[in-house]
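Survey of secondary and tertiary structure
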Amino acid sequence: MTRSSFGRSVFAASFRLDPSFVIAPVSRRTFGSFVEHMGRCVYTGIYEPGHPTADVDGFRGDVLDLVRELGVSLVRYPGGNFVSGYRWEDGIGPAADRPVRRDLAWRSLETNEVGVDEFMRWAGKAGVEVMYALNLGTRGVQEALDVHEYLNHPDRTRLAELRRANGAEKPYGVRMFCLGNELDGPWQTGHKTAQEYGRLAAQTARALRSAEPELELVACGSSSSSMPTFVAWEAEVLEMAYDAVDYISAHAYYEPVDGDMASFLASSVDMDHFVHSVVSTADSVGARLKSTKRLNISFDEWNVWYLREFQARQDTGSTEWPVAPRVIEDCYTVADAVVVGSLLISLLRHSDRVTVACQAQLVNVIAPIRTEPGGAAWRQTIFYPFAITSRLARGEVLRVEPRCPTYDTARYGAVPALDAVATHDADTGEVSVFVVNRHQSQSVTLTVPVTSFGAALRVAESWTIADDDLFAVNTSDYPDRVVARPADDAEVDDGVLRATLPPVSWTAIRLCASRQDC
Ligand code: AHR
């Protein structure tokens, strides 16, 4: 260990990169997000008629621009806990005829101004695929078939003709459907036992498939790995639904607990363990059923969420039923951005089994994008690792095994200070490296030989998130307090990539052939 010019201690780390260390192709669906009718995600988030940037459909143009910049590929909709009491047909037809309903999940009023037709129009403008979540809380097979018929049936049937009368001539062609949301959770409207849910999920999946065999269907896994029934739920549900579904869902939220930053920075250790647990459970059910089919994971809710703060504010005895209240509008720090970067590294590392992932959520509600009604939209700190990873992760994911010191955590024991993954695009020859230094006081001098890719490589671009103030945030008054900055000293010299990684930092480096104009 040496001393840097800043007086901080420095350690050396390295890893090998090789184009043959392939895990799987990069799945574009890894860069999914989530829009729930919750708080201000929809109303004054994506939709605000009367906002200076609103288009003819009432969608905020400033938000659409940021969603495109974020590089979102797919959006899960319309919930979340909300969906378990939702009647999709309330949100179609003339706006004036749509009922106002209670949303029991978030104790607010749903005006139904935005329904599925509006959302599909928004998704088209944003250029994202829609993953539609069905209500299997208060509803069942028939309503799932109905919304599917409305969305995807071409013509002549009652609901297909209703869609056409509502302005959507062609079917929407939604391919992915979630069979409910977090039905293992006692808080969920229509909460079920694994037996009850497994049977309903299998019946619904079979019915949907008989209408459209190519659908991709997601069964609900546990709502978190801390549920007492974690993996037992998955095993029991899949015993009944294995042959009928394609994915099992995973949900995980991370936060610093009692100021334990060291463990929080190592959250991807938990995500790795979570994925291994669900994959091995699903595979063991598959083996027991003598199935040759392999299920993948749809990690359709993940993020940093200051959940304990939210829970502490519950049970206020409020008798209000507000419309689009400010709910869980977490303000994200530099440390949160580094953790989000490392969770993306974990998701990419598991690309062989995690082929869909949705950061929860997209706007205002635990989100990378924040807005003020009638005012500005801005990027939170966590916007940067998502946007840059989505843009640079191309081709195939390469396995990376860093050689580096460990540090101690109360929660996970000794943890490698570095977490990293890489991608290689054989068509363009480009290589991207994503790396997190989670040590709180030591910088890292990283060296990575890059001669195994055939052509000589150079650094095309490099980005870092780091700050002397780990708790710095972006606000409407100071929206660019934290941004990703070029990692100035990253360079390839004599076939070796060298970069300095500050304490608690996330870095992405794109390499291209030296002679290429890139
Ligand atoms: O994303 C916020 C909430 O977290 C979702 O509604 C629910 O599915 C999860 O518990």
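Data block above holds the structure.
The paragraphs below set out a description of the structure included in this document.

What counts, and at which threshold
- Here, residues in each chain are numbered from 1, in the same order as that chain's written sequence.
- Residues qualify for local features only when their pLDDT is at least 70, as the model is predicted, and side-chain atom pairs are given and counted only at 80 or more; totals for whole chains, interfaces and linings, by contrast, use all residues.
- To obtain the side-chain values, all non-hydrogen atoms of the structure were used and water was disregarded.
- Working definition: residue near molecule or strand if any one of its non-hydrogen atoms lies within 4 Å of it.
- Pairs of N or O atoms within 3.5 Å make up the polar contacts considered here, provided that, within protein, one atom can donate a hydrogen while the other can accept it, and that residues adjacent in sequence are counted only when both atoms are side-chain atoms.
- Each accessible area is a Shrake-Rupley result for a 1.4 Å probe, and residues are judged covered by the shown protein chains and nothing else.
- Charged means Asp, Glu, Lys or Arg here, nonpolar means Ala, Val, Leu, Ile, Met, Phe, Trp, Tyr, Cys or Pro, and polar covers whatever is left, Gly included.
- What goes into a patch is any residue over 30% in relative accessible area without a salt bridge, connected to like charges within 9 Å or, for nonpolar side chains (Val, Leu, Ile, Met, Phe, Trp, Tyr), within 5 Å.
- Salt bridges are defined as contacts in which a side-chain nitrogen from Lys or Arg sits within 4 Å of a carboxyl oxygen from Asp or Glu.
- Under the convention used here, Asp and Glu are negative, Lys and Arg are positive, and both His and the chain ends fall outside the count.
- For the purpose of locating charges, the reference atoms are NZ of Lys, CZ of Arg, CG of Asp and CD of Glu.
- Elements are defined by DSSP. Helices are runs of H or I of four residues or more, strands are runs of E of two residues or more, and each kind is numbered from the N terminus.
- Among the buried residues, those of types Ala, Val, Leu, Ile, Met, Phe, Trp, Tyr and Cys that are joined through side-chain atoms within 4.5 Å form a nonpolar core.
- We call a residue buried when its accessible area falls under 20% of the maximum for its residue type, exposed when it is over 50%, and partly exposed in between, using a 1.4 Å probe and counting protein chains only.
- In what follows, residue pairs with any heavy atoms lying within 4.5 Å of each other are defined as contacts.
- For a helix, the expected span equals 1.5 Å multiplied by the number of residues minus one.
- Working definition: rings of Phe, Tyr and Trp (its six-membered ring) pair if their centres are within 6.5 Å, and the pair is stacked with planes under 30 degrees apart, edge-to-face with planes over 60 apart, and tilted otherwise.
- Look at NZ for Lys and CZ for Arg. If either is within 6 Å of the ring centre and within 35 degrees of the ring normal, a charge sits over the ring.
- Summarising the geometry, the arc corresponds to the directions from the helix axis toward the C-beta atoms.
- Should DSSP find at least two bridges between two strands, the strands are regarded as paired.
- Comment: axis = line fitted to C-alpha atoms, over the contacting stretch for helices; angle = value between 0 and 180 degrees taken between N-to-C directions.
- For this text, the term disulfide refers to a pair of cysteine sulfurs within 2.5 Å.
- Here is the rule for handedness: rotate from the far helix to the near one, and if that takes an anticlockwise turn smaller than a right angle the crossing is left-handed, while a clockwise turn gives right-handed.

**Things to note about the site of the ligand**
- Neighbouring the ligand are Phe34, Glu36, Gly80, Asn81, Trp106, Asn181, Glu182, Tyr253, Glu301, Trp305, Gln361 and Ile366.
- Here an oxygen atom of the ligand sits 2.7 Å away from a polar atom, N or O, in the side chain of glutamate 182.
- One of the side-chain N or O atoms of glutamate 301 is found 2.6 Å from an oxygen atom in the ligand.
- When the ligand is considered free in solution it has 280 Å² of accessible area, and contact with the protein chains removes 95% of it.
- Residue composition of the shell around the ligand, grouped by class: 5 nonpolar, 4 polar and 3 charged.

**Here's the deal with a negative patch on the surface**
- Side chains of Asp488, Asp489, Glu491, Asp493 and Asp494 sit close together on the surface and give a patch of like negative charge.
- Within the secondary structure layout, aspartate 489 lies in the loop between strand S23 (485–486) and strand S24 (491–493).

**Overview of the nonpolar core**
- Leu17, Trp122, Tyr132, Leu179, Tyr197, Phe299 and Trp302 are the most contacted members of the largest nonpolar core, which has 173 residues in total.
- By residue number, the principal contributor to this core is helix H10 (residues 334–349), which donates 11 residues.
- With near-sequence residues (within four places) excluded, tryptophan 302 lies in contact with Ala252, Tyr253, Met271, Val340, Leu343, Leu344, Leu347, Ala357, Cys358, Gln359, Ala360 and Phe386.

**Describing helix H5 (residues 194–211)**
- The end-to-end C-alpha separation of H5 is 26 Å, in line with the 26 Å expected for 18 residues at 1.5 Å each.
- Within H5 the residues assigned to the buried category are Ala194, Tyr197, Gly198, Leu200, Ala201, Ala202, Thr204, Ala205, Ala207, Leu208 and Arg209.
- Next to the buried residues of H5 lie helix H3 (141–152), strand S9 (176–179), strand S10 (216–219) and helix H6 (232–241).

**Some remarks on the packing of aromatic side chains**
- Within this structure, the stated rule accounts for 16 aromatic pairs.
- Arranged with centres 3.8 Å apart and planes meeting at 0 degrees, the rings of tyrosine 77 and phenylalanine 119 form a pair that is stacked. Taken together, the residues tyrosine 77 in strand S5 (residues 74–77) and phenylalanine 119 in helix H2 (residues 116–126) connect sequence positions 42 residues apart.
- Judged by relative accessible area, which is 1%, phenylalanine 119 ranks as buried.
- Aromatic pair phenylalanine 82 and tyrosine 86: ring centres 4.9 Å apart, planes at 40 degrees, arrangement tilted. Comparing phenylalanine 82 with tyrosine 86 shows no difference in burial state: the two are buried.
- Linked through ring pairs, Tyr77, Phe119, Trp122, Tyr132 and Phe177 together constitute an aromatic cluster.
- The ring of phenylalanine 34 is capped by arginine 76, whose NZ or CZ atom sits 4.8 Å from the centre of that ring.

**Section: H6**
- Considered for burial, the residues of H6 that qualify are Trp233, Glu234, Val237, Leu238 and Ala241. In an axial view of H6, the angular spread of the buried residues amounts to 115 degrees, which keeps them on one side of the axis.
- On the buried face of H6, the contacting elements are H5, S10, strand S11 (247–254) and helix H8 (267–288).

**Focus on the pattern of salt bridges**
- Taken as a whole, this structure holds 34 salt bridges when the rule is applied.
- When the shortest N-O distance is used, the salt bridge between arginine 209 and aspartate 246 registers 2.8 Å. Of this pair, arginine 209 sits in helix H5 while aspartate 246 is found in the loop between H6 and S11, placing the two residues 37 residues apart along the sequence.
- The class for aspartate 246 is partly exposed, based on a relative accessible area of 22%.

**A look at the sheet that holds strand S16 (residues 396–398)**
- If you trace the 7 strands from one edge of the open sheet to the other, you get S3-S16-S19-S20-S26-S22-S23, paired in antiparallel fashion. Looking at which strands have only one partner, the edges of the open sheet turn out to be strand S3 (22–25) and S23.
- Bridge count for strand S22 (residues 457–465) against S23 is 2 bridges, and the pairing is antiparallel. Bridged to threonine 464 within S23 is arginine 485.
- Packing against the sheet, helix H11 (residues 383–392) makes contact with strand S19 (418–425), strand S20 (430–437), S22 and strand S26 (505–513), and its axis sits at approximately 20 degrees to S26.

**Observations regarding the state of the cysteines**
- For the coordinates displayed, the defined rule picks out 1 disulfide.
- Between cysteine 41, a free cysteine, and cysteine 358, which holds the nearest cysteine sulfur, the sulfur-to-sulfur gap is 12 Å.
- Judged by its relative accessible area of 0%, cysteine 41 falls in the buried class.

**Observations regarding the packing of H5 against H6**
- For the pair H5 and H6, interaxial distance at closest approach is 8 Å and the crossing angle is 40 degrees. Relative to H6, H5 is oriented so that their crossing is right-handed. Along the contact surface, H5 presents Ala194, Gln195, Tyr197, Gly198, Arg199, Ala202 and Arg206, while H6 presents Trp233, Glu236, Val237, Met240 and Ala241.
- Of the residues that constitute the contact of H5 with H6, the class distribution is 7 nonpolar, 2 polar and 3 charged.

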